[in-house]
Each structure stands twice: as structure tokens, then as C-alpha cells.
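Chain by chain, the residues:
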Amino acid sequence: MNPASPIPRALTIAGSDSGGGAGIQADLKTFQELGVFGMSAITSITAQNTLGVQHVFAIPVQTIEQQLDSVLSDIGADAVKTGMLFSAEIISMVARKVREYSVEGCLVVDPVMIAKGGASLLQLEAVQALRSELLPLAAVVTPNLPEACALLGLQGIDSIDAMIEAAQLLHALGPRFVLLKGGHLEGDEAVDVLYDGTEALLFRSPRIDTRHTHGTGCTTASALAAGLAKGMPMAAAVAEAKRFVTAAIGAALPLGHGIGPTNHAAYRLQAAAVAANHK
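What you see as residue numbers is a count from 1 along each chain, following the sequence as written. For a predicted model such as this one, the threshold for reporting local features is a pLDDT of at least 70, and the threshold for listing and counting side-chain atom pairs is 80 or more; totals across whole chains, interfaces and linings nevertheless cover every residue. To get the side-chain values, take all heavy atoms of the structure and skip hydrogens and water.

1. What to know about the overall build of the chain
The criterion, for reference: Under the DSSP-based scheme used, a helix requires at least four consecutive residues in state H or I and a strand at least two consecutive residues in state E, with every element numbered from the N terminus. As a reference, a globule follows 2.2 Å times the number of residues to the power 0.38, and the radius of gyration itself is taken over C-alpha atoms. Residue contacts follow a heavy-atom distance rule, with two residues in contact if any of their heavy atoms lie within 4.5 Å. Here Asp and Glu are counted as negative and Lys and Arg as positive; His is not counted, and neither are the chain ends. Working definition for charges: the position is that of NZ of Lys, CZ of Arg, CG of Asp or CD of Glu.
Assigned secondary structure in the chain consists of nine helices and nine strands. Here the chain has a C-alpha radius of gyration of 17 Å; the compact-globule value for 279 residues is 19 Å, and the two agree. On the principal axes, the C-alpha backbone points of the chain span a range of 50 × 45 × 45 Å. By sequence separation, contacts in the chain at least 24 residues apart represent 68% of the contacts at least 6 residues apart. One way to put it: in the chain the 18 positive side-chain charges average out to a point 6 Å from where the 25 negative ones average out.

Right, here's the structure in full:
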């Protein structure tokens, strides 16, 4: 955190989810819950609900660039998180702005590619731009297993050992840290791997039996960005993000007729209940 700022500041560069469970909406809720001032640059507007994505409209690149200039030239940011970037042109511009404003040291890249319902949120030709232009600037990249496979050209990742190997390959693309999320693996635990180029740390939580997990990737990445904005070391920020998203999934909201959103207030409410019991 910049000592001149009265509150940690985090900027999300991502798409809007009209259903409120993922994207910009999830990011800003997460920032608020974790005591960080949230700002946004919207890259796309989706017509989206618990059943899927019905329409995507990409914001003109110049408009996204102007949003970034407006925020970073005035308010600044202690952490920047990217989500749905959609096209190679948007990725290239974001990479240029990250360098211009020297925020690569606190950049969290969530390589959003596919929505929970299966809709594509990143054009195929943009994957290479993500690999070559944005990942080398990242403090940390936070793919799930399908995203890691797409970035690396792998057919699948089916074990923790394979996750560690994939994290090593992702690290070779340039990010300082890799947080590979293992929620797609089978088993009684959800295991994530944090790799720093030397050591792999495992973060475990009980697997929660629910289908209502819309927005978990966005929420994890934005919780991690919030921790970094507050000046936490990477491993501590990952641990807090893991606790935050686990609480959110455990109190997931069965809204709509499809995959419902997680509950971003759950972590704060759990902490308040623990504090009240100790009085």
C-alpha cells in the first residue's frame, strides 16, 4: 500500500456481468469486503445470468484506454487485476498501459477464457497475446486447470503432481508467481498450487458439494489483488483469498435457474460471528 493513500486501492480491468456473480461486479464486491477501495475499467458488457452468457459487446479499445488513463493518472492503484480482456487488441493496449504506469509489480492476471456455462470470453487469436504480452508483466497469474491447458497446449491435468509441472511451465512464460487452481480435480479437497520458480506451496480446503460456483475465479483473483494492495506477501494473500472464496462458496446463493453466484459477504460475516463468540 502507498503510505500517501488513506486506503489500499485496487483496479479491476474486466467485463461486466449483468447477473452480478462474476466479472467487474464480483471484483468490486470482493474489494469492498476486504477493505480495499475498488476501481474499474470495463472491457466488455455481457448479457449474462445463471444460465449462461447470452450476448457479449466489446467496449472500444480507446474507451478502455481512457478509463485506465483516468484512474491511474489521478487515483493510482496498489494492485491491478485483469479478467475478461476478450481480444488481442485489448490485451496489447492493457500491457502497454501496465508498463506506462509501472504497475506490473502488483499485476494479477486472471486468464478468463470460458464462462461457467461454456461461452467463450476470449477470442482464440488472443491466447497468444495473453501468453507473450501480459504474462511476462504479471506478479501472479491465476488460471484454473482448463485455462492452464489452453495456455500450455496440454490435453489435461489430472493430479497434483501434474499441476506442479504445469505451474512450472506457466512460470517459464514470465510471471513471478503462478497460482494454479485445482477445483476441477476430483477428490474431497480443492487444492491450489502456488509456484514461485523454486518452491511449490499447496493450499487445501474441503470440497463443498454445490453447483453454485459462478464467479469463483474472478473472486479468487480479486481477493488476491486485495491482499497485495494491502501489502501482504504473496503466500499470505493467497491464503486469505482461499479462505475468502471457500467461505463464499460455502454460503453460495441459489439464485436463478442455473449456476448461482457465491456469497461475497460470507467471509466478513463469519469473522464477525467468531469475534462475537469470543466476547
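2. Some remarks on the side chain of Asp 17
Heads up, the condition is: Whether a residue is buried, partly exposed or exposed follows from its accessible area with a 1.4 Å probe, protein chains only, as a fraction of its type maximum: under 20%, in between, or over 50%, in that order. In what follows, salt bridge is the name for a side-chain nitrogen of Lys or Arg lying within 4 Å of a carboxyl oxygen of Asp or Glu. Counted as a polar contact is a pair of N or O atoms within 3.5 Å, where, for protein atoms, one must be capable of donating a hydrogen and the other of accepting one, and residues adjacent in sequence contribute only when both atoms are in side chains.
Relative to the elements of secondary structure, Asp 17 occurs in strand E1 (residues 9-17). No salt bridge is formed by the buried Asp 17, whose closest oppositely charged neighbour, Lys 29, lies at an N-O distance of 7.9 Å. Among the polar contacts listed, one links the side chain of Asp 17 to the backbone nitrogen of Gly 19, at a separation of 2.8 Å. Those residues in contact with Asp 17 that sit more than four places away from it in its chain are Ala 22, Gly 23, Gln 25, Thr 46, Gln 48 and His 214.

3. Side note on the nonpolar core
Just so we agree on the cut-off: Residues enter a nonpolar core if they are buried and are Ala, Val, Leu, Ile, Met, Phe, Trp, Tyr or Cys, with the set joined through side-chain atoms within 4.5 Å.
Core analysis: the largest hydrophobic core is formed by 76 residues, its most contacted members being Leu 11, Val 94, Leu 134 and Leu 224. Looking at which element gives the most residues to this core, the answer is helix H7 (residues 216-229), with seven residues.

4. Remarks on the side chain of Glu 240
When you line up the elements, Glu 240 lands in helix H8 (residues 234-250). On the basis of relative accessible area, Glu 240 is assigned to the buried category, the value being 10%. In this view, Glu 240 contacts Leu 34, Gly 227, Lys 230, Met 232 and Tyr 267; residues no more than four positions away in its chain are not counted.

5. Let's talk about the pairing of strand E7 (residues 177-181)
Put simply, the rule reads: Strand pairing is defined by DSSP finding a minimum of two bridges between the two strands.
The buried count for E7 comes to four of five residues, which makes it a mostly enclosed element. The sheet contact formed by strand E6 (residues 140-141) and E7 spans two bridges and is parallel. Bridge assignment links Val 141 to a residue of E7, and that residue is Val 178. Two strands pair when backbone bridges link them, and E7 and strand E8 (residues 189-195) are joined in this way by four bridges, in the antiparallel orientation. Within E8, the position partnered with Val 178 by the bridge is Tyr 195.

6. A few points about a nonpolar patch on the surface
Put simply, the rule is: Patch criteria: residues need more than 30% relative accessible area and no salt bridge. Like-charged residues are merged within 9 Å; nonpolar side chains of Val, Leu, Ile, Met, Phe, Trp and Tyr are merged within 5 Å. With residues, only the protein chains shown are counted as cover, and all accessible areas are computed by Shrake-Rupley using a 1.4 Å probe.
Residues Ile 7, Phe 37 and Ile 75 make up a contiguous nonpolar surface patch of about 230 Å² in total accessible area. Along the chain, Ile 75 turns up in the loop between helix H2 (61-74) and strand E4 (79-82).

7. Considerations on the sheet that holds strand E5 (residues 107-109)
Defined as follows: To obtain each axis, a line is fitted to C-alpha atoms, and for helices this fit is confined to the stretch in contact; angles are then taken between N-to-C directions over 0 to 180 degrees.
Across the sheet, nine strands lie side by side as E3-E2-E1-E4-E5-E6-E7-E8-E9; this open sheet has mixed pairing. In this open sheet, the two strands that pair with only one neighbour each are strand E3 (52-58) and strand E9 (200-206). Of the pairings in the sheet, the one linking E8 to E9 comprises seven bridges and is antiparallel in character. For Leu 194, the partnering residue across the bridge sits in E9 and is Leu 201. In the packing of H2 onto the sheet, the strands contacted are E1 and strand E2 (37-49), and the crossing angle to E2 comes to about 155 degrees. Lying on the sheet, H7 is in contact with E1, E4, E5, E6 and E7; it crosses E4 at an angle near 165 degrees.

8. Here we look at the pattern of salt bridges
Per the counting criterion, the structure on display carries 11 salt bridges. Residues Arg 9 and Asp 78 are paired through a salt bridge, measuring 2.9 Å at the closest nitrogen-oxygen approach. Note that Arg 9 is positioned in strand E1 and Asp 78 in the loop between H2 and E4, a separation of 69 residues in sequence. As far as burial versus exposure is concerned, Arg 9 and Asp 78 are alike and both buried. The partner of Lys 97 in a salt bridge is Glu 65, with the nearest N and O atoms 3.3 Å apart. Here Lys 97, found in helix H3 (residues 88-100), pairs with Glu 65, found in helix H2; they are 32 residues apart in sequence, far enough to count as distant. On the basis of relative accessibility, which here comes to 4%, the residue Lys 97 falls in the buried class.

9. Quick notes on H8
So the rule is basically this: Take the residue count of a helix, subtract one, and multiply by 1.5 Å to get its expected span.
A rise of 1.5 Å per residue sets the reference length of H8, with its 17 residues, at 24 Å; its end C-alpha atoms lie 24 Å apart and thus fit the reference within 8%. By the criterion of burial, H8 is predominantly enclosed, with 12 of the 17 residues buried.

10. Examining helix H6 (residues 160-171)
What counts here: Read the arc as the range of directions from the helix axis to the C-beta atoms.
Here H6 contains 12 residues, and its C-alpha end-to-end distance of 16 Å stays within 8% of the 16 Å for a straight helix at 1.5 Å per residue. Within the span of H6, buried status applies to Ala 162, Met 163, Ala 166, Ala 167 and Leu 170. Projected onto a plane normal to the axis of H6, the buried residues spread over an arc of 140 degrees and lie on a single side. Away from its buried face, by an angle of more than 90 degrees, H6 presents the exposed residues Asp 161 and Glu 165. Its buried side turned inward, H6 meets helix H5 (145-152), E7 and E8.

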